[in-house]
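Notes for the structure review
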Amino acid sequence: MITLLKPIGHCFGVLKAIEIAKETKEKYKDKNIYVFGLLVHNEEVVKDLEEHDIKTIEMNEDNAIDLLNKFTSDDVVIFTAHGHPRVYEDILKKNDVTYVDATCSKVKDCFNVIKEAKEVIYIGKAGHPETVAALTMNQNAHLYDIRSGLDYSLIKSDNPLVINQTTLSFLELARIHQEIKDKLTNAVFYDEICNATLLRQKAINELGDDVDTVIIVGSKKSSNTMKLYEIAKNIHPDKHIVLVNNVNELKEYGLVFKNAVIASGTSTSIETINEIKDYLSSL
Ligand code: SF4
């Protein structure tokens, strides 16, 4: 048996970002359209945009300013669903370059909370675009890196706001919250894992014993996909867990299964999932 684990396919933030990118191409027919970074962390989506003549500029925290200064008034720049530092917009404004913001509304809400706080502990993955942007929203924001933790000597107040990247694992976040609570008893906690991410993680967490194979579909660059994979591996060591980007990668596994479940990250399209389902059905 093959089951699709719901929710599956693109989340509302990804759908909106793709819609914004395609509308931008329609609106500015005579200009060069660039996405600054990966619109969403999925190679198939990036390929689809390229086919619509919407180019992706690969960038990172270190080369962003130099790259932004190269755009001209013939270009339109789309900022990605993950958010971006405000200074990026200032540079484009100064150079008379049109830009469009495809930041997910959930991410924007999170940034607004950060802006209002006196001091912030931000739990996220160092270098992830959402984390990079979030840390620029408040001068007193400190990173709790999910891989290396927090330097507690940096915290000045006894009641900082604790907030997080929207695509973390709920199990990992609970553990980190407890650690911070033990050290800073008056800290104020916000849980900002978005529903699109959380519901998928909970569905993986609650898989029954009858499932022997779990196929997670999504890119290794996608934070929420990787969290689904990590949760599946940790909670279900007895099941066969496979992470693939598309049907061609799955074909290399030569799977044998009785009950397989297909789950996906939020940037994976339903077309990719259906191809995988059709392939499994044909085995
Ligand atoms: S995963 Fe959540 S925060 Fe990210 S784009 Fe989708 S809805 Fe928005």
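Since we're looking at a predicted model, the values are computed, not measured. Along every chain, residues carry numbers that run from 1 in the direction the sequence is written. Residues qualify for local features only when their pLDDT is at least 70, as the model is predicted, and side-chain atom pairs are given and counted only at 80 or more; totals for whole chains, interfaces and linings, by contrast, use all residues.

Observations concerning the overall build of the protein chain
In this text, helices come from DSSP runs of H or I with a minimum length of four residues, and strands from runs of E with a minimum of two, each type numbered from the N-terminal end. Tallying secondary structure elements over the protein chain gives 11 helices and 12 strands in all. Within these notes, the globule rule equals 2.2 Å times the number of residues to the 0.38 power, and the radius of gyration is based on C-alpha atoms. For the protein chain, whose C-alpha radius of gyration is 20 Å, the value lies close to the compact-globule estimate of 19 Å for 283 residues. Overall size of the protein chain, expressed as C-alpha extent along the three principal axes, is 60 × 55 × 25 Å. Across the 283 residues in the protein chain, those meeting the buried criterion constitute 41%. Two residues qualify as a contact pair if the distance between their C-beta atoms, derived from the backbone, is within 7 Å. In the protein chain, the proportion of contacts linking residues at least 24 apart, taken out of those at least 6 apart, comes to 70%. Here the C-beta atoms are placed from the backbone, and a residue counts as buried if at least 20 other C-beta atoms lie within 10 Å of its own, exposed if 12 or fewer do, and partly exposed otherwise.

Remarks on the sheet that holds strand β3 (residues 54–57)
Strand pairing is assigned whenever DSSP detects at least two bridges linking the two strands. Strand order in the open sheet formed by four strands is β3-β2-β4-β5, and the pairing between neighbours is parallel. Single-partner strands in this sheet number two, and they are β3 and β5 (98–101). Taking the axes of each pair of neighbouring strands and ignoring which way they run, one obtains an average angle of 30 degrees across the sheet. Pairing of strand β2 (residues 32–36) with β3, which is carried by four bridges, proceeds in the parallel orientation. Pairing of Ile33 across the sheet is with Ile54, part of β3. Geometry is summarised by axes, namely lines fitted to C-alpha atoms with helices restricted to the contacting stretch, and by angles between N-to-C directions that run from 0 to 180 degrees.

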